[in-house]
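Chains, contacts and geometry: an overview
Read off the chains here:
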Amino acid sequence: LGATVAQSLLTRTHRRDLRVLTDQAGSDLRILWRDFGSADAARDTLMRALPLLVAEYGSAAATLGADYFDDARDAAGVRGRFRAEPARTVAEEALDVLARVAVGPLFGATPRPADALTLATGGLQRHIANADRETVTQAAVQDRNSGWVRVGDGGCDWCAKYLDGEVHYIEGYDFDAHDHCNCSAEPVFD
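**Some remarks on the overall build of the chain**
Along the chain, the regular secondary structure elements total 5 helices and 2 strands. Across the chain, helices and strands are ordered from the amino to the carboxyl terminus as α-α-α-α-β-α-β. Against the compact-globule benchmark of 16 Å for 190 residues, the chain has a radius of gyration of 18 Å, which places it among compact chains. Dimensions of the chain, computed from C-alpha atoms along their principal axes, come out at roughly 60 × 30 × 30 Å. Residues counted as buried form 42% of the 190 residues belonging to the chain. Nonlocal contacts in the chain, meaning residues at least 24 apart in sequence, comprise 73% of its contacts between residues at least 6 apart. Accessible surface computed for the chain: about 10200 Å², of which carbon and sulfur atoms make up 50%.

**Observations regarding the pattern of salt bridges**
Within this structure, the stated rule accounts for 8 salt bridges. Residues aspartate 40 and arginine 43 are paired through a salt bridge, measuring 3.1 Å at the closest nitrogen-oxygen approach. Placement of the pair is aspartate 40 and arginine 43 together in helix H2 (residues 39-75), with a separation of 3 residues, close to one helical turn. Among the residues examined, aspartate 40 registers a relative accessible area of 39% and is labelled partly exposed. Of the charged contacts, one joins arginine 112 and aspartate 115 as a salt bridge, the two residues approaching to 2.6 Å between their closest N and O atoms. Beyond isolated ion pairs, a larger network of salt bridges with shared partners links Asp40, Arg43 and Asp44.

**Thoughts on H2**
End to end, H2 covers 50 Å across 37 residues, agreeing with the expected 54 Å (1.5 Å per residue, within 8%). For H2, the principal kink sits at leucine 46 and spans about 30 degrees. Directly after H2, the chain includes glycine 77, whose backbone phi takes a positive value near 70 degrees.

**Considering the packing of aromatic side chains**
Considering all chains together, one arrives at 4 aromatic pairs under this definition. Geometrically, the ring pair formed by phenylalanine 69 and phenylalanine 82 is edge-to-face, given 5.7 Å between the ring centres and 70 degrees between the ring planes. You can see phenylalanine 69 sitting in helix H2 and its partner phenylalanine 82 sitting in the loop between H2 and helix H3 (92-102), a full 13 residues away along the chain. Note on accessibility: phenylalanine 69 and phenylalanine 82 belong to one class, buried. Put simply, the rings of Phe69, Phe82 and Phe189 pair up and form one aromatic cluster.

**Let's talk about the nonpolar core**
Grouped together as the largest cluster of nonpolar side chains are 29 residues, with contacts concentrated most on Trp33, Leu46, Leu50, Leu106 and Leu124. Elements that contribute at least two residues to this core include exactly helix H1 (2-33), H2, H3 and helix H4 (113-142). Counting residues per element, this core draws most heavily on H2, at 10 residues. Residues in contact with leucine 46, not counting those within four places in the same chain, are Leu29, Trp33, Phe36, Pro51, Ala99, Ala102, Val103 and Ala120. With 17 residues, the next largest nonpolar core counts Val78, Phe175, Cys183 and Ala185 among its residues.

**As for the environment of phenylalanine 36**
As for its position among the elements, phenylalanine 36 is in the loop between H1 and H2. Separated by 10 residues in the primary sequence, phenylalanine 36 and leucine 46 have C-alpha atoms spaced 9.7 Å apart. Not counting residues up to four positions away in its chain, the partners in contact with phenylalanine 36 are Ala41, Ala42, Thr45 and Leu46.

What counts, and where the lines are drawn
All residue numbers here refer to positions counted from 1 along the written sequence of the relevant chain. Only residues with pLDDT of at least 70 get local features here, since the model is predicted, and only at 80 or more are side-chain atom pairs given and counted; chain-wide, interface and lining totals rely on the full set of residues. As a rule here, side-chain values cover all heavy atoms of the structure and leave hydrogens and water aside. Helical segments are the DSSP runs of H or I of at least four residues, strand segments are the runs of E of at least two, and each set is numbered from the N terminus. We take the radius of gyration over the C-alpha atoms and set the globule estimate at 2.2 Å times the residue count to the 0.38 power. Burial classes follow relative accessibility: with a 1.4 Å probe on protein chains only, a residue under 20% of its type's maximum area counts as buried, one over 50% as exposed, and anything between as partly exposed. Residue contacts follow a heavy-atom distance rule, with two residues in contact if any of their heavy atoms lie within 4.5 Å. Only the protein chains shown count as cover for residues, and all accessible areas are computed by the Shrake-Rupley method using a 1.4 Å probe. In what follows, salt bridge is the name for a side-chain nitrogen of Lys or Arg lying within 4 Å of a carboxyl oxygen of Asp or Glu. The span expected for a helix works out to 1.5 Å for each residue beyond the first. Bend at a residue means the angle formed by two fitted axes: the first through the 7 residues ending at that position, the second through the 7 residues beginning there. Aromatic rings from Phe, Tyr and Trp, with only the six-membered ring used for Trp, were paired whenever their centres fell within 6.5 Å, and each pair was classed as stacked if the ring planes differed by under 30 degrees, edge-to-face if by over 60, and tilted otherwise. Throughout this description, the term nonpolar core refers to a set of buried Ala, Val, Leu, Ile, Met, Phe, Trp, Tyr and Cys residues connected via side-chain atoms within 4.5 Å.

Structural data, given as structure tokens:
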């Protein structure tokens, strides 16, 4: 019972910390957003800023995921030595695509800046959270004593169908996520 309670507390704390991190990145993006004078300027600035934001916050998220995995492993009393390695951040090409898609609502007959900002912050959040998710899932697959399960609040129908409790032990199971997705990966130890 002690290890289960410790794991639950670690998971709640980890999910809260990841949310704080992605919220801060979104706040930084909203500060930049105020300075966009045109749709073209928004696109160009996003193409420069998104890689910097994802590099900074994605690195922090990957480190957060590695620390979480290691702490959960220690709390579970798993024998042997293993340390999670932070996952690499996303490729810059994917962030270029995000920038171009996000500014789409600015180029219409009636520009919709709020919609564009929602797309940009959602994609930013997903890429940063994915650095954490990939760290935990990769560590779980690499550590012979563990697997991973998707956890979340089931706040949307898409996520709810994946919160089935299935434990993944092998490579090949991607952690599918959408913009503004607050699901995360939780290590499960044998």
